[in-house]
Amino acid sequence: MVTNQDSAEKLSTEILADARRKAAEAILRAKQESEAILNSAAVEADQVRQKILEEAGAEGRRRRELILATVSVEKGRLLAARVEALLDSIYDEARQRLHAHEGFDYDEAVISLSSQAIRQMTGNKFVVRLSGKKPALADDSLAEQIVRRDGRSLHITISHSENPPEDGVIIEDGEAHQVWDNRLLKRLERLWPELRRQIAVQTSLVRKPGAGESSQ
């Protein structure tokens, strides 16, 4: 059982690793299809060129350039559609895995998500509202684990709520002035833009800023 690292971050790493494999497969298919389109278009363009050249050389060149330009646009559209579909499938799979509690320890996730949120908040009295599935740990034991993970002198109260139903925790300070929604799916929503960027960069869907380039 992993107890000394953020299980949510571990899941993010697993998602990225799975994404790299799927992205490589999807990009290979897209490139193969694009090359087939280019080859077919080149043959067609040559046939058109020969035929039209017999009638009008200038018209034949214009038609050939038009066909090749259209193919280039279609190649970009096809690759973009593949990438977008791949990212959507990764996001959907991540949601399903979180909903099914697949690939991570839920009790550890509750402790980590609670301590992460509390570290971003001021004060020493907090209410940890558990929604959805209940951890196996008793409330007192759960509170003790959260305090131990944080390392400060804290007063933690555990409460249970059926609404909202999503699994995870919502943390409030003692006066309910600070609220941190760290339910699993909400956290994924917040992490997804950066995860999406990392997936795109690490699977070469977009270029990393390098020599002669500047990040946008």
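Because the structure is a prediction, the values reported are computed rather than measured.

Engineer: How should the packing of helix α3 (residues 106–119) against helix α4 (residues 139–150) be read in this particular structure?
Structural biologist: Axes are the key here: two packed helices are described by the angle between their axes and the distance separating the axes. At their nearest, the axes of α3 and α4 sit 9 Å apart, and the two run at 50 degrees to each other. With respect to their mutual orientation, α3 and α4 come out oblique. Remark: the crossing between α3 and α4 carries right-handed chirality. On α4, the residues that touch Glu 108, Val 110, Ile 111, Ser 112, Ser 114, Ser 115, Ile 118 and Arg 119 of α3 are Leu 142, Gln 145, Ile 146, Arg 149 and Asp 150.

Engineer: Help me understand the nonpolar core in this model?
Structural biologist: Looking at soluble globular proteins, one finds that nonpolar side chains tend to be buried together. Residues Val 128, Ile 146, Ile 156, Ile 158 and Ile 171 are the most contacted members of the largest nonpolar core, which totals 35 residues. At the level of elements, α1 (7–55), α2 (57–99), α3, β1 (125–131), α4, β2 (155–161), β3 (168–173) and α5 (184–202) are the ones that each hand at least two residues to this core. Those residues in contact with Ile 171, other than ones at most four positions away along the chain, are Leu 113, Ser 114, Ala 117, Ile 118, Met 121, Phe 126, Val 127, Val 128, Gln 178, Val 179, Trp 180 and Asn 182.

Engineer: Just to check I follow, could you spell out the sheet that holds β3 for this structure?
Structural biologist: Backbone-to-backbone hydrogen bonds pair the strands of a sheet. The strands run either parallel or antiparallel. The strand order across the open sheet built from four strands is β2-β1-β3-β4, with neighbouring strands paired in mixed fashion. A strand with exactly one partner marks an edge of an open sheet, and here the two such strands are β2 and β4 (179–183). Strand-to-strand, the axes of this sheet are offset by a mean angle of 20 degrees, without reference to chain direction. Judged from the six bridges that link them, β1 and β3 form a sheet pairing that is antiparallel. In the strand pairing of β3, Phe 126 is matched with Asp 173. Contacts from α3 reach β1, β2, β3 and β4 within the one sheet, and its direction differs from that of β3 by about 30 degrees. Where α5 meets the sheet, it contacts β3 and β4, and its direction lies at approximately 95 degrees from that of β4.

Engineer: Even after reading the chapter, I still don't get the environment of Ile 146, so can you show me in this structure?
Structural biologist: Mapping Ile 146 onto the fold places it in helix α4. Spatially, the C-alpha atom of Ile 146 lies 8.0 Å from that of Ile 156, the residues being ten residues apart in sequence. If near-sequence neighbours (up to four positions away) are discounted, Ile 146 is found in contact with Ile 111, Ser 114, Ser 115, Ile 118, Val 128, Ile 156 and Ile 158.

Engineer: In this structure, what is going on with α3? I would like to understand it.
Structural biologist: What sets the pattern is the α-helix's 3.6 residues per turn: residues three or four places apart point alike. With 14 residues, α3 extends 20 Å between its outermost C-alpha atoms, agreeing within 8% with the 20 Å of an ideal straight helix rising 1.5 Å per residue. Within α3, 13 of the 14 residues are buried, which leaves the element mostly enclosed by the surrounding structure. Where α3 begins, one side-chain oxygen reaches toward the backbone nitrogen of Asp 107, 3.1 Å away; that side chain belongs to Asp 105.

Engineer: When you look at the confidence of the model for the chain in this model, what are you seeing that I'm missing?
Structural biologist: Caution is warranted with low-pLDDT regions, since their predicted coordinates should not be read in detail. For the chain, per-residue confidence averages 79 on the pLDDT scale, and 75% of positions sit at 70 or higher. When the criterion is pLDDT under 50, residues 211–216 qualifies, and its contacts beyond four places in sequence or with other chains add up to four contacts.

Engineer: Would you take a moment to explain the packing of aromatic side chains for this structure?
Structural biologist: Think of a pair of aromatic rings as described by two things: how far the centres are apart, and how the planes are tilted against each other in angle. Within this structure, the stated rule accounts for one aromatic pair. Where Tyr 91 meets Trp 192, the ring centres are 5.0 Å apart and the plane angle is 55 degrees; that geometry is what we call tilted. Taken together, the residues Tyr 91 in helix α2 and Trp 192 in helix α5 connect sequence positions 101 residues apart.

About the thresholds
Residues numbered from 1 in each chain as written. Predicted model: local features only at pLDDT ≥ 70, side-chain atom pairs only at ≥ 80, totals over all residues. Heavy atoms only, no water. Axes fitted to C-alpha atoms, helices over the stretch in contact; angles between N-to-C directions. Helix = DSSP H or I, 4+ residues; strand = E, 2+ residues; numbered from the N terminus. Parallel < 35°, antiparallel > 145°, perpendicular 65-115°, else oblique. Left-handed = near helix turned anticlockwise from the far one by under 90°. Contact = heavy atoms within 4.5 Å. Core = buried A, V, L, I, M, F, W, Y, C linked by side-chain atoms within 4.5 Å. Buried < 20%, exposed > 50% of the residue type's maximum accessible area, 1.4 Å probe, protein only. Pairing = 2+ DSSP bridges. Expected span 1.5 Å × (residues − 1). Polar contact = N/O pair within 3.5 Å; in protein donor to acceptor, adjacent residues only side chain to side chain. pLDDT = per-residue confidence, 0-100. Phe/Tyr/Trp six-rings, centres within 6.5 Å; stacked < 30°, edge-to-face > 60°.

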